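This is what each chain is made of:
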Amino acid sequence: KNEVEQSPQNLTAQEGEFITINCSYSVGISALHWLQQHPGGGIVSLFMLSSGKKKHGRLIATINIQEKHSSLHITASHPRDSAVYICAKGRAGNQFYFGTGTSLTVIP
Amino acid sequence: KAGVTQTPRYLIKTRGQQVTLSCSPISGHRSVSWYQQTPGQGLQFLFEYFSETQRNKGNFPGRFSGRQFSNSRSEMNVSTLELGDSALYLCASSHGTDNSPLHFGNGTRLTVT
């Protein structure tokens, strides 16, 4: 069983739609990371959170420690949001476990 | 501030050969971690170095090794290459404390023929 499970695997949305990507993890995290990967490979760290909620522009990340669940929301989605979104569980000792990623396509 | 630099960007090797990939971290970062990304397995953790010492290691065979120099630059070596080693290899740097955000390089795409 993977330490990090992500859903959905693929997501297609119309421009302007509200998008939610979910991530569940097994025990023992120091932090939950959300990453964005564009075609070509480069990965950007969007959020790192260990409790509550964080917001950056149109992106919002939440985490529920008791339920071992995190969500990434994109409000007013735009074609430039098209990318693969990956959640990652950080553990003590700076070791990371990754979800398989959600491939998002936003259609104009 | 310069980002994480990985070289080379692309590499084509033949089965049985060995390869060395390089990663220069962000100035001041002492941790460098390496990851393999394939379509089937996604991102997988290879190992992490902090102040020239390997602190953590993922579940990869001994053909995969690495090292870190005193300036925090890191190299990853894969010996006796197999077709299945074809992947995007990413490194990331951080300050190395728990909950330090990762900063990724653009990766080296290795193709083994």
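Colleague: Help me understand the pairing of strand 3 (residues 19–25) of chain A, please; the structure alone is not making it clear to me.
Modeller: The two faces of a sheet get side chains in turn, since along a regular strand they alternate between them. Residues and elements named next belong to chain A. Judged by which residues are buried, strand 3 turns out to be one-sided: I19, I21, C23 and Y25 face inward and are buried, whereas T20, N22 and S24, on the alternate face, are not. Taken together, the four bridges between strand 1 (residues 4–7) and strand 3 define a ladder with antiparallel strand orientation. By the bridge assignment for strand 3, E5 is matched with S24. Bridge analysis of strand 3 against strand 8 (residues 69–74) gives six bridges, and the strand direction is antiparallel.

Colleague: How should the interface of chain B and chain A be read in this particular structure?
Modeller: How big an interface is tends to be stated in terms of accessible area lost as the parts join. At the junction of the two partners, chain B supplies 23 residues and chain A supplies 19 residues. Between chain B and chain A, a total of about 1,700 Å² is buried, with carbon and sulfur atoms accounting for 53% of that surface. The largest per-residue losses of area from chain B upon contact with chain A belong to L43, N99 and F104 of chain B, which jointly make up 31% of the total buried on that side. Run the count over chain B and chain A and you get one residue pair in polar contact (both at pLDDT 80 or more). For the side of chain B that touches chain A, the secondary-structure elements that each account for two or more residues are strand 4 (31–38), strand 5 (42–50), strand 6 (53–57) and strand 9 (87–94) of chain B. The residue inventory of the side of chain B that touches chain A, partitioned by class, reads eight nonpolar, ten polar and five charged.

Colleague: I would appreciate a short explanation of the environment of L88 of chain B in the present structure.
Modeller: As for its placement among the helices and strands, L88 of chain B is situated in strand 9. When its relative accessible area of 3% is taken as the criterion, L88 of chain B is described as buried.

Colleague: Honestly, the side chain of Q6 of chain B in this entry has me stumped. Any pointers?
Modeller: All names here are of chain B. For Q6, the location among the structural elements is in strand 1 (residues 5–7). A distance of 3.0 Å separates a polar side-chain atom of Q6 from the backbone oxygen of Y89. Here G107 takes part through its backbone nitrogen, which lies 3.0 Å from a polar atom of the side chain of Q6. The residues touching Q6, leaving out its near neighbours within four places in the chain, are S22, C23, W34, Y89, L90, C91, G105, N106, G107 and T108.

Conventions and cut-offs
- Residues numbered from 1 in each chain as written.
- Chains lettered and ligands numbered in written order.
- Predicted model: local features only at pLDDT ≥ 70, side-chain atom pairs only at ≥ 80, totals over all residues.
- Heavy atoms only, no water.
- Buried < 20%, exposed > 50% of the residue type's maximum accessible area, 1.4 Å probe, protein only.
- Helix = DSSP H or I, 4+ residues; strand = E, 2+ residues; numbered from the N terminus.
- Pairing = 2+ DSSP bridges.
- Contact = heavy atoms within 4.5 Å.
- Buried area = accessible area lost by both parts, 1.4 Å probe.
- Polar contact = N/O pair within 3.5 Å; in protein donor to acceptor, adjacent residues only side chain to side chain.
- Nonpolar A, V, L, I, M, F, W, Y, C, P; charged D, E, K, R; others polar.

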